[in-house]
Amino acid sequence: MTGRTDGPEGEAPMGATVLARRVSVRGVVEAFGQSLGSVFFIGQPWLGLLLWGALLSRPALALFALCGLLSGVLVRGILRVQDAPGLGGGVKANALLTAVVTGWMIGPMGMPWAQQLVLAAAAAMAAALVTAALMRVLVRSFLPVLLWGYCLVAAMLFSICPDCTVRAAYTMPVWPMPTDALGWLGSFLRSMASLMYSPHAVAGVLVCIAVVLWSRAMFLAGLAGWLGGVLLSLGFQRLGLSFVWLPLSYNYFIAGMALGAVIFLPGRLSLPVAAVAGALTAFFGLVLQYVLGWSATSYLPVSSALVIWVGMGALTLAGERAIVERNAMPGEPPEQRWWVEACWRARYGRPVPLFAVPVTGELQIAQGFDGRISHTGIYRHALDFHRSPAAEAVGGSIWGAAVTAPAPGTIERAHDGVVDNPLGVSNYAEKWGNHVVIRLDAGGWAMLAHLQQGTVAVVPGARVETGSYLGRVGNSGRSPVPHLHLQLQGSPEPGAATRPFRLANYFTAEAPAAALTRWHASAVPPEGEVLVLAQANPVVYNTLVGMAPGTAVWTSEVQGDIPRVFNPGQAHVQQLQVRIDSLGEQVLDAGQQGRLVLALDPDALRVMALDDASAPLLRLLAMGAVSMPYAARVGTRWSDVAPVVPGGGWWRPWALLLAPYRPHPFPAVNNICTAIEEPGPSGSLLEWVSILQNPGASGPHKLTCQFAPLRGPVKLQAEFATGVLTFRLLSFEPAPTV
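*Asks:* Lay out the packing of helix α11 (residues 250-262) against helix α12 (residues 270-291) with the relevant residues and their values.
*Replies:* At a minimum axis distance of 8 Å, the contact between α11 and α12 shows a crossing angle of 145°. In this structure, α11 meets α12 at a crossing whose hand is right-handed. Where α11 approaches α12, its residues Asn251, Tyr252, Ala255, Gly256, Leu259 and Gly260 are matched on the opposing element by Ser270, Val273, Ala274, Ala277, Gly278, Thr281 and Ala282. Considering only residue class, the contact of α11 with α12 consists of seven nonpolar, six polar and no charged.

Now the structure itself:
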């Protein structure tokens, strides 16, 4: 018996069919969009489809592009290679463009379509093979493959049939030198589509739209490169040099995009770098035209590829001191990747290993980085610890204090048996004395030296975690007084060249002889600074880590005039879904109004991300609850940077575009813990006040935040120049437990 099946059993096949269709559509979009989008560094396949729209301005070329794409897919399948979206092109992109140039060349020859497609497929396969070979050659290099496969095969085709190239060139529309603003705009738009042999304004508009929708910073850098190349090209013409540069000016844009926003992150120097890249591309284009006798090869993306390679080599030579920062994730929109990297750097500095303070109790830095005695040259990144004068007066020197591992790793070396020195005497024959070298999980080796004879408690190969016992402070080796030497080095041999590191999670004093109330998430303490390892306050720790998933309903109260970007308007009730994501982070989700991500780090609760948040509550929480150390006591002070980009709604993408070029794009926040209520009938309660250093015209200058167990944040009060906005938790319903 047959008939319609209702209910869940009948809905399952339909749902499976819809899912299969979505998967198939996604696969087609990725195959088409990624292959052409990667040429312009666009990582979103749907935007890559706009570039196919530009190709459709010449339908015959779009057919050849499809032939090239299928040829690239075939070669990739035969070779069994992964062709993830490459930086500036991959196997499929090179095959596609080669098929397009083949169709452009032989189209005017009047050959049958079948023969044209066969020739295009053969050329595309050759380019795919060349690209795959280059990928293998460059696998250990930082240089990308770009469009070299297409360039090499296209140059061969131009050499084999120069007459075909001349005939094809005559089919292209005339490109006069612009004389007014409208002419320059038209030339720019035509150049944008010249790489796809469709130099038409409409096609150029589609390319521009695709680039702008993917990344405004990338388009701005490309425009800077194009202008830099155009200015130098005009200069060459004024010198009387024969230079046909308009058809190759798309190279200026590509080089500017690559070096100004894609390979290197946007920043205050990225636009000058992009302009120089465009100018250098113009110079290389001029040289290629003279060397190759104005061959069509000089109009290929050879000059931009050369500049990208040269720029990558030159700009990375200085390492950490380079004027630009390498983009570790070029597949993301550059300004968004900049936001992540810049926020991390503003909060924690450059990424270097973090060390826990290896000795408990109050310490003083006897000699710091670039010290006056022995921390110089290749040994400048090291710290020497001894007891502070106040602690020594009460409990004696650091002699015999327990030494613990500053970071997780494996023991590489452990040396014991060196006799400790009498006070004032050093052993220059055994420079490091008794010491331990740890191969760190984070990379590099940590060495702790001048340990007490007979106390080294680890052996090579042993696993240690942060805080694992290693031995006791002694006075062995080149050490006239008991102290502990700590350094990070690039190889396991004692005395190897040192590298930068930072201490994490410790207290210092606000002023000499004052209480140690200033908490540091990570920093390099200067010589003479008094510090102590920060240990968690049980009340604070339990309150912060006990926030449960559920549904929170907040109310708002407005007094005075609140800036529009933070004003909740008529919506006095805000509902948040609190959940835990796959990374174990707390997510406060306001639906279409954005979400706030909180991380329970080993030392503090921190705001990690504010994703497209237009909800005033989430934006203010990101500034008022930016971090809360587990070691906080009443009076504890700390500073942080709120991961907030100015602006919201439609203005946010443009604010994100401008942020890399501003001197202080993130609001700095000074915090003080004002209340810690011990657990009682109503539970514990934490309160701290956050003062923004540069709130701006519309930002709050002071925020007061309260946290409670289970519910998390329960009150947030923001004080503006002209009013006060207060949010209170009205109800919280925990999510059902499984």
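Still more to cover.
*Asks:* Explain the state of the cysteines residue by residue, including any values.
*Replies:* Using the criterion set out here, one finds one disulfide in the structure. Paired by a disulfide, Cys161 and Cys164 hold their sulfur atoms 1.9 Å apart. Taking the torsion about the sulfur-sulfur bond, which here is approximately 65°, the covalent link between Cys161 and Cys164 counts as right-handed. The structure places no disulfide on Cys673, whose sulfur is separated from the nearest cysteine sulfur, that of Cys705, by 11 Å.

*Asks:* Please provide a residue-by-residue account of unusual backbone geometry, values included.
*Replies:* In this structure, Arg80 is a non-glycine residue whose phi angle is positive, near 60°. Along the chain, the position of Arg80 falls in the loop between α3 (59-79) and α4 (91-106). Located in the positive-phi region is His450, a residue other than glycine, with phi close to 70°. Considering the arrangement of structural elements, one finds His450 in strand β7 (residues 445-451).

*Asks:* So what about the packing of α3 against helix α5 (residues 113-137)? Which residues, and what values?
*Replies:* Packed helix pairs are characterised by how far apart their axes lie and by the angle those axes make with each other. Contact geometry of α3 with α5 gives a least axis separation of 8 Å together with a crossing angle of 45°. One way to sum up the angle between α3 and α5 is to call them oblique. In the crossing of α3 with α5, the sense of the turn from one axis to the other is right-handed. Contact with α3, carried on its side by Ala60, Leu63, Phe64, Cys67, Gly68, Ser71, Gly72, Leu74, Val75 and Leu79, involves Trp113, Gln116, Leu117, Ala120, Ala121, Ala124, Met125, Ala128, Leu129 and Ala132 of α5 and no other residues of that element. Of the residues belonging to the contact of α3 with α5, the class tally is 16 nonpolar, four polar and no charged.

The rules behind the values
Residues numbered from 1 in each chain as written. Predicted model: local features only at pLDDT ≥ 70, side-chain atom pairs only at ≥ 80, totals over all residues. Heavy atoms only, no water. Axes fitted to C-alpha atoms, helices over the stretch in contact; angles between N-to-C directions. Helix = DSSP H or I, 4+ residues; strand = E, 2+ residues; numbered from the N terminus. Left-handed = near helix turned anticlockwise from the far one by under 90°. Contact = heavy atoms within 4.5 Å. Nonpolar A, V, L, I, M, F, W, Y, C, P; charged D, E, K, R; others polar. Disulfide = S-S within 2.5 Å. Parallel < 35°, antiparallel > 145°, perpendicular 65-115°, else oblique.

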